[in-house]
Amino acid sequence: MRWPVFAIFGFIFVIVQLSLRNVFMLHSLGGGGISPDVVACLAVFIALFAHRSAALWACWILGLLVDLAPQERATSFHLIGEHALGYVAGGIVVLQLRTMVFRRRSLTVGFLTLVFVVAASVVAVIILSIRSWYTPGTFAHGGALGELVRGLGIAVYSGLLGVPVGWLLGTTISLWGFQSGTQRRSGGR
Amino acid sequence: MPRAIVTAQRAFPFVIVLTLIVSIMPAQALRWTEFPAEVLGIFLNPFAEKGNVLASWLRPPPSSSLISGMTRADIDKLVIDKAIAEQQLRAERDTVESLKAQLEQLQRIPMDVAGAGVNPITAPIGLRSPSSAKGTVALGRGRNHGVKPGAVAVYNGDQLLGRVTDDVSAAQCTLMPLTNVGTGMIAGVVISSERGENSNVRSRAIAIQPRDDGTFVAQADKVEVIREGDEVVLKDAMWPEWAQGMKIGVIERVFTNDLEPLRNTIIIRPQLLVSQVSFVVLKVDQTDRDGATNRRGSSK
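Overview of the structure. Bear in mind that the values here come from a model prediction, so they are computed numbers and not experimental data. (Residues numbered from 1 in each chain as written. Chains lettered and ligands numbered in written order. Predicted model: local features only at pLDDT ≥ 70, side-chain atom pairs only at ≥ 80, totals over all residues. Heavy atoms only, no water.)

1. Some points on the packing of helix α6 (residues 106–132) of chain A against helix α7 (residues 143–170) of chain A
Residue and element names in this part refer to chain A. Test applied: Between N-to-C directions, angles span 0 to 180 degrees; the directions come from axes that are lines fitted to C-alpha atoms, helices contributing only their stretch in contact. Comment: elements are numbered from the N terminus, with helices defined as DSSP H or I runs of at least four residues and strands as E runs of at least two. For classification purposes, an angle smaller than 35 degrees is called roughly parallel, one larger than 145 roughly antiparallel, one from 65 to 115 roughly perpendicular, and anything else oblique. Crossings are classed by handedness, with left-handed meaning an anticlockwise turn of the near helix from the far one by less than a right angle and right-handed meaning a clockwise turn. All amino acids are sorted into three groups, where Ala, Val, Leu, Ile, Met, Phe, Trp, Tyr, Cys and Pro are nonpolar, Asp, Glu, Lys and Arg are charged, and the leftover types, Gly among them, are polar.
Remark: α6 packs on α7, axes separated minimally by 7 Å, with the N-to-C direction vectors making an angle of 155°. The pairing of α6 with α7 is recorded here as roughly antiparallel in orientation. As for the relative orientation of α6 and α7, their crossing is right-handed in sense. Class assignment for the residues of the contact of α6 with α7 results in 16 nonpolar, ten polar and one charged.

2. A look at a nonpolar patch on the surface
Residues and elements named next belong to chain A. Rule in force here: Patch definition: residues with relative accessible area over 30% and no salt bridge; like charges joined within 9 Å; nonpolar side chains (Val, Leu, Ile, Met, Phe, Trp, Tyr) joined within 5 Å. Under the convention used here, a 1.4 Å probe and the Shrake-Rupley method define accessible areas, while residue burial counts only the protein chains that appear. When a carboxyl oxygen of Asp or Glu lies within 4 Å of a side-chain nitrogen of Lys or Arg, that pair is called a salt bridge.
On the surface, V122, I126, L145, L148 and V149 cluster together into a nonpolar patch covering about 450 Å² of accessible area. Among the secondary structure elements, those contributing two or more residues to the nonpolar patch are α6 and α7. Ranked by residue count, the leading element in the nonpolar patch is α7, at three residues. Structurally, V149 is set in helix α7.

3. Here's the deal with the interface of chain B and chain A
Put simply, the rule is: We call two residues in contact when some of their heavy atoms are within 4.5 Å. By convention, the term buried area covers the 1.4 Å-probe accessible surface removed from two parts as they join, with the contributions of both added. Polar contact is defined as a pair of N or O atoms within 3.5 Å, subject to the rule that within protein one atom must be able to donate a hydrogen and the other to accept it, and that residues adjacent in sequence are counted only when both atoms are side-chain atoms.
Contacts between the two partners involve 54 residues from chain B and, on the opposite side, 47 residues from chain A. Of all residues in chain B, F12, R59 and P130 of chain B bury the most surface against chain A, accounting for 16% of the area lost on that side. At the boundary of chain B with chain A, the tally comes to zero salt bridges. Joining chain B to chain A, the criterion identifies seven residue pairs in polar contact (both at pLDDT 80 or more). Of all elements in the fold, only α1 (8–23), α2 (34–58), β1 (118–128) and β2 (137–139) of chain B reach the threshold of two or more residues within the side of chain B that touches chain A. With 13 residues, α2 of chain B is the largest single contributor of residues to the side of chain B that touches chain A. A breakdown of the residues in the side of chain B that touches chain A according to their chemical character gives 30 nonpolar, 17 polar and seven charged.

4. Considering empty space enclosed by the protein
Our working rule: Buriedness for pockets is judged along seven lines, at least five of which must meet protein on both sides within 12 Å for an open set on the 1 Å grid over protein atoms alone, while cavities are sets there where a 1.4 Å probe fits but cannot get out, and lining residues have an atom within 4 Å of a point. Grid points are joined across faces, edges and corners, and a volume is the space filled by probe spheres set on the points.
Considering all chains together, one arrives at two cavities of 30 Å³ or more under this definition. Its boundaries defined by the atoms lining it, the largest cavity holds a volume of some 420 Å³. Taken together, 27 residues line the largest cavity, and the ones lying closest to its centre are E82, H83, A124 and I154 of chain A together with S131 of chain B. Those elements that provide at least two residues to the lining of the largest cavity are α4 (52–67), α5 (82–97), α6 and α7 of chain A. For the lining of the largest cavity, the leading source of residues is α6 of chain A, giving seven residues. Of the residues in the lining of the largest cavity, the class split is twelve nonpolar, eight polar and seven charged. Quantified by volume, the second largest cavity comes out at close to 70 Å³. What lines the second largest cavity is a set of 13 residues, among which L161, L178, T179, L272 and L273 of chain B lie closest to the centre. Considered class by class, the residues forming the lining of the second largest cavity number eleven nonpolar, two polar and no charged.

Geometric descriptors of this kind do not, in isolation, establish any biological role.
This is how it looks when you write it as structure tokens:
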């Protein structure tokens, strides 16, 4: 994978996630509204085609960038790990599934984005649950179950958006320089 | 060629373990994360501001909270006109303060001097919280523009949006929306929607608490006549005097509190959210801003 291309696309997707999210936000739903995770779509696309090691590093970097964005909770620090580890977990799931799917289909990107965000949400809730033992007010949406339900909603919405985003990213696949990760290999890495 | 001892593949598990350790550190050990976040913000904020402007164009704020056809220049002119009006108000307040001082000497009752020298500045919104509309946002104004922790953000002159947190750098600051649970309890009053010029209906004080879903909740005795559609404005001594009376929201629902049948639960919905606008107006103390300008030479 060409890392300069990843840097450019990662930068663009993080900007879209942090500024244009209001265009896609559904205010009428609970928890103050939900919006899709656009960065997760990019992470899924990379996990589908890149070498295993490169995919996991890319997921970690994207999650770290999201963690360093303005926080939802009123805290004087940034909780590093909630998305960084969540995205890595999602990436591992996608790496396991990518040998069983048609990678170049945009529907595949949409479905795997849903799976990715669910996995990331589970990891995030686990981290927040551990922190809630010694830090009050960790959960911003009514406890672990509330966060999970909200994560599921974001996953579904992200999965829907992942279809057109996957198609768009698919048109740029020649820029990325993906290597043997695209080759079919039974029990592939 | 000798193989490298440390490769990206071998380093990854260590990075994950390190990230896991950092993720469960207590808050006091995580204050260093503000620095990389600020550095990232320096690179992302200029583009995020443009993104927010685009988002406002694609999905404008509710029409009830925005006069259609207004350009940025119109808004800036209105801000200037308002500043002139506030200056005239301050002149009258000086007379009042003089009388208060005489009264204080006579009665020896300390009184606070409030509201003098407040200057509005527009602050573009940059980075937003990636996961929630109620999360904190980064503003493109900081200490160099006279912004201090606790500065109040408004929109359309009278719509309260939130307050600046303690995270204020030279060129940026962090805004906590009013709907964020971190804002805490806010004191307000309910203004009846049927109140006319000569109405004798008094305003009713309530304590407002932000909820998880972007609305506010309050409790009131049933003897207080509070109806859906009534407006709630700020009346809190912890906020600046000039912010008193600014709009918080509209009462959406009133129903009996099952645990306290003699009290009503009131749900208040804000008319505007931080997530719906691309800039806010910060009220800056004039003396602080002049001091910052003199130190730097140019504030913008």
